[in-house]
Amino acid sequence: MSLLALYPDPGKQVELNRLYLKLNLHRFAAEGHVLIYANYIASIDGRISLLNEDSGEYGVPASIANNRDWRLYQELAAQSGVMITSARYFRQLAKGQAQDLLPVGQQPEYADLLEWRREQGLAEQPDVVVISNSLDIPLSALEKLQGRKISVLTGCAASAEKIDRLKQAGAHLSVFATDSVTGTGLKQWLIQSGYRSAYMIAGPEVHRTLLAERVLDRLFLTTHLTLLGENRFHTLLSGILESPVKLQLESLYLDQSATNSQLFAQYALQQD
Ligand SMILES: NC(=O)c1ccc[n+]([C@@H]2O[C@H](COP(=O)([O-])OP(=O)(O)OC[C@H]3O[C@@H](n4cnc5c(N)ncnc54)[C@H](OP(=O)(O)O)[C@@H]3O)[C@@H](O)[C@H]2O)c1
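None of the values given here were measured: they were computed from a predicted structure.

## Brief notes about the sheet that holds strand β3 (residues 35-43)
Spatial ordering of the open sheet is given by β2-β1-β13-β14-β11-β3-β10-β6-β7-β8-β9, a layout of eleven strands whose pairing is mixed. Looking at the sheet topology across the chains shown, the edges are occupied by β2 (13-14) and β9 (172-175). Sheet topology note: the strand β13 (residues 247-256)/strand β14 (residues 261-269) ladder contains nine bridges and is antiparallel. Across the sheet, residue L252 finds its bridge partner in β14, namely A265.

## Things to note about the site of the ligand
Taken together, 25 residues sit near the ligand, with I41, S86, S132, N133 and S134 positioned nearest. At 3.0 Å, a backbone N or O of I48 approaches a nitrogen atom of the ligand. Between the ligand and R88, the relevant distance is 3.2 Å, taken from an oxygen atom to a side-chain nitrogen or oxygen of the residue. Coverage of the ligand by the protein chains reaches 88% of its 920 Å² of free accessible surface. Taken atom by atom, the bulk of the ligand overlaps the largest pocket. For the shell around the ligand, the secondary structure elements donating two or more residues are β3, β5 (58-59), α2 (87-94) and α7 (204-212). No other element matches the four residues that α7 contributes to the shell around the ligand. Of the residues belonging to the shell around the ligand, the class tally is twelve nonpolar, ten polar and three charged.

Calculation rules
Residues numbered from 1 in each chain as written. Predicted model: local features only at pLDDT ≥ 70, side-chain atom pairs only at ≥ 80, totals over all residues. Heavy atoms only, no water. Pairing = 2+ DSSP bridges. Helix = DSSP H or I, 4+ residues; strand = E, 2+ residues; numbered from the N terminus. Near = heavy atom within 4 Å. Polar contact = N/O pair within 3.5 Å; in protein donor to acceptor, adjacent residues only side chain to side chain. Areas by Shrake-Rupley, 256 points an atom, 1.4 Å probe, with all protein chains shown as cover. 1 Å grid on protein atoms, 1.4 Å probe; cavity = no way out; pocket = protein on both sides within 12 Å on 5 of 7 lines; lining within 4 Å. Sits in = over half its atoms within 2 Å of the grid points. Nonpolar A, V, L, I, M, F, W, Y, C, P; charged D, E, K, R; others polar.

Right, here's the structure in full:
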């Protein structure tokens, strides 16, 4: 089933497969720069996660998660040198309440993405960066990422004991001079580490960290045409921004079927 392009070429029918892959995000940034992009799926009323009463954990609402959006998620992951996530994600992973960290193309329908990475000269899987102040990162969750370089970025109050524990488990630790990891600090670290494309898959706090210092370049947002309600939820941004961040629409597609209707939007951050 094809998508209907709404912007910039309204009326064209386009295929879902390779919609984002053909962007070649790994080649966007010039030498010595990095492209940082984020991706969310949200309901019309803005929910990216809801509280699961049984587990007591927040997670992506099951009624909006779907394979077609997941294909695009995988295409974005395929173009990344590194995926940026949060410690909270690892805590959920250890409890079996999060999807296994993001190996690209593990199921047969995504095998083309592994092949594509090979053709592009990229590592088999993107590296992983974890942002955390608490350093409460279960080692059992790190073990699930064998074969991938894992870096943990933290603020200056981090416990030396926890740093040692993570280093012994094979993680690369970077302690920032600031209380928390800052957007500009993270961007510099990515550049110094030689990354050219970074895919941020964490939630609203890491997103705010990037937006506050305007280091996010692109936001990919799937809006599922569903109203969810519920009182305990996350949206894609929390906390305070000193000034509003303005976005410019780069592309918009409608994916409409009897079971799933959604809009795939890509925005660029306007630098002010
Ligand atoms: N629908 C979607 O597309 C989508 C996408 C992503 C996430 N989600 C959902 O959103 C919910 C929240 O996700 P998340 O837990 O990844 O969210 P998050 O709010 O980005 O991450 C929170 C954790 O990240 C660390 N952190 C954030 N900013 C930091 C900074 N500047 N410096 C140091 N550490 C920092 C902290 O870890 P410590 O506590 O260890 O210090 C904090 O507890 C989850 O339920 C997830 O499933 C949905």
